[in-house]
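# Remarks on the overall topology
Chain by chain, the residues run as shown.
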Amino acid sequence: MSDYLNSWDQKRLEELCKKVIVRKGFTLEDIPKSSITKELCDLAIKQPSCMLHHIPEEFRTEDMYKVSIKRNAWDLIHVPRKFQSPKLCLKAVRKEGETLRYVPKELRTPELCFEAIKKHERAFEFIPKEVVTIEFCLRAVKKNGMVIEYIPTEMKTFDVCFEAVKNDHNALLFVPKEHRTTELCLEAVKQYALAIAQTSEENITAELCLEASKTRMKMGYPDSISHVGFSFFKVEGMEKMSLEQYEAELLKNKTQDELLTHQYAWFREQGKKLSIIK
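About the criteria used
Residues numbered from 1 in each chain as written. Predicted model: local features only at pLDDT ≥ 70, side-chain atom pairs only at ≥ 80, totals over all residues. Heavy atoms only, no water. Helix = DSSP H or I, 4+ residues; strand = E, 2+ residues; numbered from the N terminus. Buried < 20%, exposed > 50% of the residue type's maximum accessible area, 1.4 Å probe, protein only. Areas by Shrake-Rupley, 256 points an atom, 1.4 Å probe, with all protein chains shown as cover. Phe/Tyr/Trp six-rings, centres within 6.5 Å; stacked < 30°, edge-to-face > 60°. Lys NZ or Arg CZ within 6 Å of the ring centre and 35° of its normal. Polar contact = N/O pair within 3.5 Å; in protein donor to acceptor, adjacent residues only side chain to side chain. Contact = heavy atoms within 4.5 Å. Salt bridge = Lys/Arg side-chain N within 4 Å of Asp/Glu carboxyl O. pLDDT = per-residue confidence, 0-100. Core = buried A, V, L, I, M, F, W, Y, C linked by side-chain atoms within 4.5 Å. Axes fitted to C-alpha atoms, helices over the stretch in contact; angles between N-to-C directions. Parallel < 35°, antiparallel > 145°, perpendicular 65-115°, else oblique. Left-handed = near helix turned anticlockwise from the far one by under 90°. Nonpolar A, V, L, I, M, F, W, Y, C, P; charged D, E, K, R; others polar.

### Examining the overall build of the chain
A count of helical and extended segments in the chain gives 11 helices and 0 strands. Taken from the N to the C terminus, the helices and strands of the chain come in the order α-α-α-α-α-α-α-α-α-α-α. Burial analysis of the chain (278 residues in total) assigns 45% to the buried set. Roughly 15700 Å² of accessible area belongs to the chain as shown, and the carbon and sulfur atoms make up 51% of that amount.

Next comes the structure, spelled out in structure tokens:
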């Protein structure tokens, strides 16, 4: 009779555990260890509140790892090597690029690494050296310009830098000075006017000034032309002018030296205020 009552009590306890996990959002941490079963673990892993490390190792299965990674990519760290398949690792890095650090090195293929940096540029730190080629870097910055921050200096060719800036003007911060040409900076100011502060004085041109001013107007700052810095370069109808027309209008009242000196000084000052240059 006592065995029957104990069995009955155990069944009631199991049903109660299931209810608090499903209905109340409790985790296995809230359940007495003696009451945790394989069935209960299968149920718990499907709940948003349950984390993989809550599941006792003896009850973990390959299916549990798949369910867990789908919800939380960082659980990859808890997945045993024998279950870290290329497919599972790919799912993880597509959700959280930096989980590349937990992918076995032999599985860090160019394609998997590329998927990781598409999600987060910092994942570049965990890419094997043999995968990092100029071709790979060029492909990477076209998808995520900020990857350039982590690219080795010897891989930062002009083409790599140009494509990085074309994708994201902030990449200009990590472009070597020898590559910060007028052409490259022009790509940056088309996206963000004050990116002009990152170029060198000898590369400051009226073309950069015109593009920077137009960019500010496109971004919804019509009053920016009357700003203390941009007003110096204001020309009536400038947004519709060609570069030659714009330069000609500017030089009616100002000399080229006067324009360049003022422009460089003002943009550099603005860049310092915004902490985008040192």
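### Concerning the packing of aromatic side chains
Inspection of the entire model under this criterion finds 4 aromatic pairs. Between Trp74 and Tyr102 the ring centres are 6.1 Å apart and the planes differ by 75 degrees, which places this aromatic pair in the edge-to-face class. Here the residue Trp74 occupies a position in the loop between α3 (62-71) and α4 (86-95), and Tyr102 occupies one in the loop between α4 and α5 (110-119), the gap between them amounting to 28 residues. Judged by its relative accessible area of 31%, Trp74 falls in the partly exposed class. Taking NZ or CZ as reference, Arg139 lies 3.8 Å from the ring centre of Phe114, over its face.

### Some details on the side chain of Arg60
Position of Arg60 among the secondary structure elements: in the loop between α2 (38-44) and α3. Polar contacts involving the side chain of Arg60 include one to the main-chain carbonyl oxygen of Ile55, which spans 2.8 Å. Setting aside residues up to four positions removed in sequence, Arg60 forms contacts with Leu52, His53, Ile55, Tyr65 and His78.

### Digging into the pattern of salt bridges
Enumeration according to the criterion identifies 7 salt bridges in this entry. One salt bridge connects Glu106 with Arg81, and the closest N-O pair in it is separated by 2.9 Å. In this pair, Glu106 is assigned in the loop between α4 and α5 and Arg81 in the loop between α3 and α4, connecting sequence segments 25 residues apart. What makes Glu106 exposed here is its relative accessible area of 54%. The shortest N-O distance in the salt bridge between Glu115 and Arg94 comes to 3.3 Å.

### Digging into helix α7 (residues 158-167)
Within the span of α7, buried status applies to Val160, Cys161, Phe162, Ala164 and Val165. For α7, the elements touching its buried residues are α6 (134-143) and α8 (182-189).

### Some words on the confidence of the model for the chain
Of the residues in the chain, 65% have a pLDDT of 70 or more, and the chain-wide mean is 76. Note on residues 222-232: pLDDT is under 50 here. Beyond four places in sequence and across chains, it has 26 contacts. In the model, residues 271-278 has pLDDT below 50 throughout and makes 14 contacts with residues more than four positions away in sequence or in other chains.

### Quick word on the environment of Lys119
Inspection of the secondary structure assignment puts Lys119 in helix α5. Relative accessible area serves as the criterion here: at 49%, Lys119 is assigned to the partly exposed category. Considered as a pair, Lys119 and Asn144 are 25 residues apart in the sequence and their alpha carbons are 8.3 Å apart. Discounting residues that sit within four places of it in the chain, Lys119 has contacts with Val93, Arg94, Lys95, Glu96 and Gly97.

### Things to note about the nonpolar core
Within the largest apolar cluster, 58 residues are counted, with the highest numbers of intra-cluster contacts made by Leu100, Ile117, Phe124 and Ile127. When contributions to this core are tallied by element, the ones reaching two or more residues are α2, α3, α4, α5, α6, α7 and α8. Apart from the residues within four sequence positions on either side, Ile127 is in contact with Leu100, Cys113, Ile117, Val132 and Phe136.

### Regarding the packing of α3 against α4
Running from amino to carboxyl end, α3 crosses α4 at an angle of 15 degrees, the nearest separation of the two axes being 9 Å. Here α3 is positioned roughly parallel relative to α4, judged by the angle of their axes. Read as a crossing pair, α3 and α4 show a hand that is left-handed. In contact with Tyr65, Lys66, Ile69, Lys70 and Arg71 of α3, α4 contributes Leu88, Lys91, Ala92 and Lys95. A per-class count over the contact of α3 with α4 returns 4 nonpolar, no polar and 5 charged.

### Side note on the side chain of Gln84
Note that Gln84 resides in the loop between α3 and α4. The exposure class assigned to Gln84 is buried, which follows from its relative accessible area of 8%. Only 3.5 Å separates the side chain of Gln84 from the backbone oxygen of Tyr102, close enough to count as a polar contact. Beyond its immediate stretch of four places on either side in the chain, Gln84 contacts Leu76, Val79, Cys89, Tyr102, Pro104 and Leu107.

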